[in-house]
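# An overview of the molecular structure
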Amino acid sequence: MHPIKGSLYLIPSLLSPDTAKMMPPYIAEVVNNLHHFFVENERSARRFLKVLDPAITIDDRHFCVMDAHHPPDTRQLDGWLKTGLSVGVISEAGYPCIADPGNVLAREAHRLGARVIPLVGPNAMLMALAASGFNGQRFCFSGYVPIKGPERVTILKALEKKALSTGETQIFMETPYRNNALLSDIIQYLHAQTMLCVAADITAPTEFISTRSIREWQGNLPDLHKRPAVFLLNRSKA
């Protein structure tokens, strides 16, 4: 295999607006040296780069969109890396390749023999896990749960069963505008003694992180509509 000079940088983005101060300064230094990016949304990516460094020249950056309608273009990545160009991957919020399609690019970079370099930054799943009080030695992230009610309830019961039988923390999420429906199903269909952590708006001024039993949540549910949230299940200590 011929050596590849270009590298793939995994660039974390903000979980909440106006929290740029939480980003390590070296991320701006890396971004200033990159001119090619894979992003979920070009407009928000441009805005994010400007937040990192207001002096950055955006118009000489090239953005390749990857979303539900545009799978990651591995041929474009190959071309850039093979010519010695380094490339950045920016998620819409939080960490690239975690609950987004960027992992396809990381896999392709490894196939080519290029370096894959993860930069330090926020990850909602890990921050929620750390704050939950749940088992951080054994955990499973299941991503997005099904949209349809019956399928979602089946998955929720399966995750609960695994959490109760093994003690392994089960982590999952939903599109923000469906959070309330998901939380309602959790409260209605899971056991009263099961422990649930709800972590919403992580890093924002409205951040809400609370761990209670299903019984304790009943009748006291937060409004999570359009608020980015992570849900975690584990068994009661009792």
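Summary of the structure given here. (Residues numbered from 1 in each chain as written. Predicted model: local features only at pLDDT ≥ 70, side-chain atom pairs only at ≥ 80, totals over all residues. Heavy atoms only, no water.)

## Side note on the overall build of the chain
Counting secondary structure elements, the chain contains eight helices and 10 strands. The C-alpha radius of gyration of the chain comes to 20 Å, within 12% of the 18 Å expected for a compact globule of 238 residues. Overall, the chain is about 60 × 40 × 30 Å in size when its C-alpha atoms are taken along their principal axes. A total of 238 residues make up the chain; the buried ones form 47% of that total. Counted over contacts in the chain with a minimum sequence separation of 6, partners at least 24 positions apart contribute 76%. Of the roughly 12,200 Å² of accessible surface on the chain, 54% is carried by carbon and sulfur atoms. The distance from the centre of the 25 positive side-chain charges to the centre of the 22 negative ones in the chain is 5 Å. (Helix = DSSP H or I, 4+ residues; strand = E, 2+ residues; numbered from the N terminus. Rg over C-alpha atoms; globule rule 2.2 N^0.38 Å. Buried < 20%, exposed > 50% of the residue type's maximum accessible area, 1.4 Å probe, protein only. Contact = heavy atoms within 4.5 Å. Areas by Shrake-Rupley, 256 points an atom, 1.4 Å probe, with all protein chains shown as cover. Lys, Arg positive; Asp, Glu negative; His and termini not counted. Charge placed at Lys NZ, Arg CZ, Asp CG, Glu CD.)

## What to know about the pairing of strand 3 (residues 62-65)
Two elements, strand 2 (residues 36-39) and strand 3, share four bridges in a ladder whose sense is parallel. Paired with histidine 36 across the bridge in strand 3 is histidine 62. (Pairing = 2+ DSSP bridges.)

## Let's talk about the packing of helix 6 (residues 149-166) against helix 7 (residues 179-189)
Interaxial distance between helix 6 and helix 7 falls to 10 Å at its minimum, and their mutual angle equals 55°. Looking at the two axes, helix 6 sits oblique to helix 7. Read as a crossing pair, helix 6 and helix 7 show a hand that is right-handed. The residues of helix 7 that touch helix 6, namely those facing Arg152, Val153, Leu156 and Lys157, are Ala181, Leu182, Asp185, Ile186 and Tyr189. Of the residues contributing to the contact of helix 6 with helix 7, the split by class is six nonpolar, no polar and three charged. (Axes fitted to C-alpha atoms, helices over the stretch in contact; angles between N-to-C directions. Parallel < 35°, antiparallel > 145°, perpendicular 65-115°, else oblique. Left-handed = near helix turned anticlockwise from the far one by under 90°. Nonpolar A, V, L, I, M, F, W, Y, C, P; charged D, E, K, R; others polar.)

## A short note on unusual backbone geometry
The phi dihedral of aspartate 18 is positive, around 65°, even though this residue is not glycine. Judged by its relative accessible area of 76%, aspartate 18 is exposed.

## Focus: the pairing of strand 6 (residues 139-144)
With four bridges joining them, strand 6 and strand 7 (residues 169-173) adopt parallel strand pairing. Counterpart to phenylalanine 141 in the pairing with strand 7 is isoleucine 171. What joins strand 6 to strand 7 is helix 6, and the crossover it makes is right-handed. (Right-handed = clockwise from strand over helix to strand, strands pointing away.)

## Remarks on the environment of arginine 107
Mapped onto the elements of the fold, arginine 107 is located in helix 4 (residues 103-112). Take arginine 107: its relative accessible area is 53%, and that puts it in the exposed class. The spatial distance from the C-alpha of arginine 107 to the C-alpha of alanine 68 is 19 Å, given a sequence separation of 39 residues.

By themselves, these observations are geometric and do not establish any function.
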